[in-house]
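Single-letter residue listing:
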Amino acid sequence: MVVMEIQRNIHLNRLISGRHNGMIKVVTGLRRCGKSYLLFNLFAKYLRNEGVDDAHIIKVNLEDRRNLALRDPDNLLAHIDSKLKDDQMHYILLDEVQFVSHFEDVLNSFLHVDNADVYVTGSNAKFLSKDVITEFRGRGDEIRLRPLSFYEFLSVREGMDKADALNEYLTYGGLPQVVLMDSPVEKRKYLKNLFLHTYLRDIQERHKIKNDADLEELVNIIASSIGGLINPRKIMNTFRSVKHSDISQDTIKRYLDHLEDAFLIEKALRYDIKGKRYIDTPAKYYFDDLGLRNARLNFRQTEPTHLLENAVYNELNLRGYSVDVGQVNQFVTRDDGKRERRTLEVDFVCNEGYRRSYIQVAYRLPDEEKIDQELNSLRNIKDSFQKVVIVGGNYPTYQNEEGIYFMSIFDFLLDEKLLFN
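Below is a summary of the structure that appears in this document. Predicted model only: the values in this text are computed from it and were never measured.

Some details on the environment of Val60
Move 1: In this fold, Val60 is placed in strand β2 (residues 57-61).
Move 2: Taking relative accessible area as the criterion, Val60 reaches 2% and is therefore assigned buried.
Move 3: Sequence-wise, Val60 and Leu194 are 134 residues apart; in three dimensions their C-alpha atoms are separated by 25 Å.
Move 4: Contact partners of Val60, with chain neighbours within four places excluded, come to Phe40, Asn67, Leu70, Leu76, His79, Leu93, Leu94 and Asp95.

Regarding the nonpolar core
Taken as a class, soluble globular proteins show a tendency for nonpolar side chains to be buried jointly.
Move 1: Counting residues in hydrophobic clusters, the biggest one holds 96 residues, and the most contacted among them are Phe43 and Leu316.
Move 2: A per-element tally of this core places helix α2 (residues 35-49) first, with eight residues.
Move 3: In this structure, Leu94, Val97, Val100 and Phe103 belong to the second largest nonpolar core, which totals 21 residues.

Some thoughts on the pattern of salt bridges
Move 1: Across all of its chains, the model carries 25 salt bridges by this definition.
Move 2: Asp272 is paired through a salt bridge with Arg277; the nearest N and O atoms lie 3.8 Å apart.
Move 3: Linking Glu374 and Lys370 is a salt bridge whose minimum nitrogen-to-oxygen distance equals 3.1 Å. Here the residue Glu374 and the residue Lys370 both occupy positions in helix α14 (residues 368-379), the gap between them amounting to four residues, near one helical turn.
Move 4: A residue is classified by how much of its surface remains accessible, and Glu374, at 8% relative accessible area, is buried.
Move 5: Beyond isolated ion pairs, a larger network of salt bridges with shared partners links Arg144, Arg146, Glu266 and Asp288.

What to know about the side chain of His11
Move 1: Here His11 lies in helix α1 (residues 9-17).
Move 2: Overall, the relative accessible area of 0% leaves His11 in the buried class.
Move 3: Once residues within four sequence positions are removed from consideration, His11 is found in contact with Leu38, Ile143, Arg144, Leu145, Arg146, Glu152 and Leu318.

Focus: the pairing of strand β4 (residues 116-121)
Move 1: When you tally the buried positions in β4, you get six out of six residues, the bulk of the element.
Move 2: Burial along β4 is two-sided: the face carrying Ala116, Val118 and Val120 and the face carrying Asp117, Tyr119 and Thr121 are both buried.
Move 3: Here strand β1 (residues 24-29) runs beside β4; their pairing, made up of three bridges, is parallel. Opposite Lys25, over in β4, you have Tyr119 as the bridge partner.
Move 4: Alignment of strand β3 (residues 90-95) against β4, held across five bridges, turns out to be parallel. Note that in β4 the partner of Ile92 across the bridge is Val118.

Points about the packing of helix α8 (residues 184-207) against helix α9 (residues 212-224)
A pair of packed helices is characterised by two quantities: the angle between their axes and the separation of those axes.
Move 1: One way to put it is that α8 packs onto α9 with a least axis distance of 11 Å and a crossing angle of 120 degrees. Taken together, the axis directions place α8 and α9 in an arrangement best described as oblique. In terms of crossing hand, the pair formed by α8 and α9 is right-handed. Contact with α8, carried on its side by Phe195, Leu196, Leu200, Ile203 and Gln204, involves Asp212, Leu215, Glu216 and Val219 of α9 and no other residues of that element.
Move 2: Within the contact of α8 with α9, the residues separate by chemical class into six nonpolar, one polar and two charged.

Quick notes on empty space enclosed by the protein
Move 1: Here the structure, examined in full by the defined rule, presents two cavities of 30 Å³ or more.
Move 2: If you go around the largest cavity, you meet 16 residues; those closest to its centre are Pro147, Leu148, Tyr169, Asp288 and Asn314.
Move 3: Here the lining of the largest cavity takes four residues from helix α13 (residues 304-318), the largest share from any one element.
Move 4: For the lining of the largest cavity, the class distribution of residues is eight nonpolar, four polar and four charged.

Comments concerning the packing of aromatic side chains
Move 1: Across all of its chains, the model carries 16 aromatic pairs by this definition.
Move 2: Plain terms: the ring middles of Phe43 and Tyr46 are 6.2 Å apart, the flat faces sit at 20 degrees to each other, and that makes the pair stacked. With a gap of three residues between them, Phe43 and Tyr46 both fall in helix α2, about one helical turn apart. Like Phe43, the residue Tyr46 is buried in the burial classification.
Move 3: Taken together, the aromatic side chains of Phe150, Phe153, Tyr169 and Phe410 make up a single cluster linked through ring pairs.
Move 4: Here the basic side chain of Arg71 rests over the ring of Phe99, its NZ or CZ set 4.4 Å away from the ring centre.

Reading the values: the criteria
- Note that residues are indexed from 1 along each chain, following the sequence as it is written.
- Note on the predicted model: pLDDT of at least 70 is required for a residue's local features to be given, and 80 or more for side-chain atom pairs to be given and counted; whole-chain, interface and lining totals, by contrast, use all residues.
- The side-chain values count all of the structure's non-hydrogen atoms but skip hydrogen atoms and water molecules.
- Helix and strand labels come from DSSP, where a helix needs a run of H or I of at least four residues and a strand needs a run of E of at least two; each type is numbered from the N terminus.
- Three labels apply to residues, based on accessible area from a 1.4 Å probe with only protein chains included: buried if under 20% of the type maximum, exposed if over 50%, partly exposed otherwise in between.
- In this description, contact between two residues means that some pair of their heavy atoms is separated by no more than 4.5 Å.
- Nonpolar cores are built from buried Ala, Val, Leu, Ile, Met, Phe, Trp, Tyr and Cys residues. Side-chain atoms within 4.5 Å join them into one set.
- We count a salt bridge whenever a side-chain nitrogen from Lys or Arg sits within 4 Å of a carboxyl oxygen from Asp or Glu.
- Here, any two strands with at least 2 DSSP bridges between them count as paired.
- All axes are obtained by fitting lines to C-alpha atoms, using only the stretch in contact for helices, and the reported angles, taken between N-to-C directions, cover 0 to 180 degrees.
- Any angle from 65 to 115 degrees is called roughly perpendicular, while one under 35 is roughly parallel, one over 145 is roughly antiparallel, and all others are oblique.
- Should the near helix be turned anticlockwise from the far one by less than a right angle, the crossing is termed left-handed; should it be turned clockwise, right-handed.
- Asp, Glu, Lys and Arg are counted as charged, while Ala, Val, Leu, Ile, Met, Phe, Trp, Tyr, Cys and Pro are counted as nonpolar; the rest, among them Gly, fall into the polar class.
- The way it works is a 1 Å grid over only the protein atoms, where trapped points that fit a 1.4 Å probe form a cavity and open points with protein on both sides within 12 Å along at least five of seven lines form a pocket, and then any residue with an atom within 4 Å of a point lines it.
- Grid points are joined across faces, edges and corners, and a volume is the space filled by probe spheres set on the points.
- For Phe, Tyr and Trp, where Trp contributes only its six-membered ring, two rings pair if their centres lie within 6.5 Å, and the inter-plane angle classes them as stacked under 30 degrees, edge-to-face over 60, or tilted in between.
- Remark: a charge is flagged as sitting over a ring if the NZ atom of Lys or the CZ atom of Arg is within 6 Å of the ring centre and within 35 degrees of the ring normal.

What follows is the structure in structure tokens.
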């Protein structure tokens, strides 16, 4: 395994921008995506470079058994208090804080300490819940950490051909430990074990799920359906007719929520572009890490079109955009003279403040017929916002006579300013 420092500049800068804001900085995200490394290595290094001495950086790894006594909330509170030696700013970095009972009370105790700036991570089922911020009485500042972007991935695989690198990235994902592994066999084994024995077990234990077979089957369905619409009622009918399970629609919805809360998947709502309204069901789901998605299916369903779409979705979210799945209606005249309404999909409706971009993702554009197919939905959007087609491979980046941008997947993934430029 290669040992090197992986830069996580997007997330590090978000931590830095939260300094001294009077809130508890809570680093959340998928297990094993590098939360501890971000806090204890990269952020602590930044503080030292800024002139903060080690006496004012209070680090406690609560997963370390040598700190077993500090898992008691009163002991932890006393320990941190003993480190506040003067009136200068102290940076409190707590890793795996969920090991502390009533950790919310401990953290809230420092909200009114003027010379304490608090940063925490946690990675068990309880702390992975998106509602953890509410435990801090509205004084929690969430920094969502994601697996490595393709740009970060390439910084590790320096000198690797971009096409080969993208294929590896779409296959094994961006969990840092996986990226640093050399052997594909080692990667596959690690990802499969991690999914089964860490992520699913967390969900089962937190929510006391007894029939884990239904949960695992649902995960398989979602993994097989990235880029496709998911309807809980149809899934329920499939379970009952094929699996002979009496699972209810409400249970399926709860399981989907649990998978979201664990940051394994993200839900993308459909947005009616002309009607300017959201459509709750059916929705699309994308995996936070494609390596985990592929591992769940034993690396048997690796369709590049769907994987590329998932990668674009993850990159848009990483950059802080609001991302929906779009639809627009088209009226056509049939051969019998009657008018018919057809619904066309727009892969993503991407918003940043007052700016918007409509995005189609195409693995290949081999001929004019395929180009027209990808442009059809964009042509039926009559507003003046940006319209983009992201194409796999070394496709030229340009704007056509209709004002639609075509850009290579490499240009998109490696230049964060290109989209709204």
